[in-house]
Amino acid sequence: MLLLPTLNDQTLRLLPNAAGAYILHIVVKADVALVQRQFAGKVIKHGTYFYCGSARGPGGLAARVKRHCASDKKPHWHIDALTIMPVGKVMSVLAVPDGNECDLCCWLREKFLLAVPVPGFGSSDCAVCPAHLLAVPGGALMAVGGALMAVNILNSIKNTASV
């Protein structure tokens with residue numbers, strides 16, 4: 001597990017090429033009217049969001065997260081509507097090699113009572129989750145960030161102890 005609290009060229013190089021899951025912390029600076037057919041008429045309000053995704057293809061977590069952070073990309077996934085500048089920006093990421101995006105999303109929803117802003121957003125291929133995008137109310141960001149940091153620290157200690 002790797003938590004990158006700040007993203008830049010240097011920190012993005014730390015991401016593993018392994019398959020796994022990730023949580024993106026995204027700040028959306030203005031309301032976004034969704035244009036995908038299944039979300040016609042829906043609006044993502046400006047604010048803070050977590051998006052849970054998976055990376056199983058070539059380049060694994062490193063390639064997928066770097067793509068999400070790129071400002072010059074052709075829209076492909078639902079989440080691209082929120083990560084293309086100047087609308088929104090990926091602020092931090094938690095990468096979990098061999099992780100499962102649904103498990104991460106479920107943990108965030110249940111532990112922090114995060115709401116689904118648009119049903120089906122980011123989870124069109126998932127029969128379990130109501131969405132993989134979660135709205136983060138202002139007060140919850142610190143609690144979630146603290147919990148993710150604690151999990152990352154505990155994981156680092158565990159990995160160091162087993163060496």
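These numbers come from a predicted model, not from an experiment. (Residues numbered from 1 in each chain as written. Predicted model: local features only at pLDDT ≥ 70, side-chain atom pairs only at ≥ 80, totals over all residues. Heavy atoms only, no water.)

**Considering the nonpolar core**
Ranked by internal contacts, the top residues of the largest apolar core, which has 25 residues, are Leu-15, Tyr-22, Leu-24, Ile-44, Leu-82, Phe-121 and Leu-133. Among all residues touching Leu-82, those that are not within four sequence positions of it are Ile-26, Val-28, Val-32, Ile-44, Gly-88, Lys-89, Phe-121 and Leu-133. With 17 residues, the next largest nonpolar core counts Leu-94, Leu-104, Cys-105 and Cys-126 among its residues. (Core = buried A, V, L, I, M, F, W, Y, C linked by side-chain atoms within 4.5 Å. Buried < 20%, exposed > 50% of the residue type's maximum accessible area, 1.4 Å probe, protein only. Contact = heavy atoms within 4.5 Å.)

**Re the sheet that holds strand β6 (residues 88–97)**
Read from one edge to the other, the open sheet built from five strands follows the order β1-β6-β2-β5-β7, with strand pairing classed as antiparallel. The open sheet has two free edges, formed respectively by β1 (2–4) and β7 (133–136), since each of these has just one partner strand. Across the sheet, the mean angle from the axis of one strand to that of its neighbour is 20°, orientation sign disregarded. The sheet contact formed by strand β2 (residues 20–28) and β6 spans nine bridges and is antiparallel. (Pairing = 2+ DSSP bridges. Helix = DSSP H or I, 4+ residues; strand = E, 2+ residues; numbered from the N terminus. Axes fitted to C-alpha atoms, helices over the stretch in contact; angles between N-to-C directions.)

**Some thoughts on the environment of Thr-48**
Structurally, Thr-48 can be placed in strand β5 (residues 47–55). Thr-48 sits 89 residues away from Pro-137 along the chain, and the two C-alpha atoms are 7.2 Å apart.

**Observations regarding the pairing of β2**
Buried residues dominate β2, accounting for eight of its nine residues. Where β2 lies against β5, nine bridges are found, and the strand directions are antiparallel. Looking at β5, one finds that Ala-21 is bridged to Ser-54.

**Here's the deal with the packing of aromatic side chains**
Counting across every chain of the model gives three aromatic pairs. Ring centres 6.4 Å apart and planes at 50° place the aromatic pair Tyr-22 and Tyr-51 in the tilted group. Separated by 29 residues along the polypeptide, Tyr-22 in strand β2 and Tyr-51 in strand β5 bring together distant segments of the chain. Neither residue differs from the other here; Tyr-22 and Tyr-51 are each classed as buried. A centroid spacing of 5.5 Å and a plane angle of 40° characterise the contact between Phe-39 and Phe-121, whose relative ring orientation is tilted. Placement of Phe-39 in the loop between β3 (32–33) and β4 (43–44) and of Phe-121 in the loop between α4 (101–112) and β7 is noted, with a sequence separation of 82 residues between them. (Phe/Tyr/Trp six-rings, centres within 6.5 Å; stacked < 30°, edge-to-face > 60°.)

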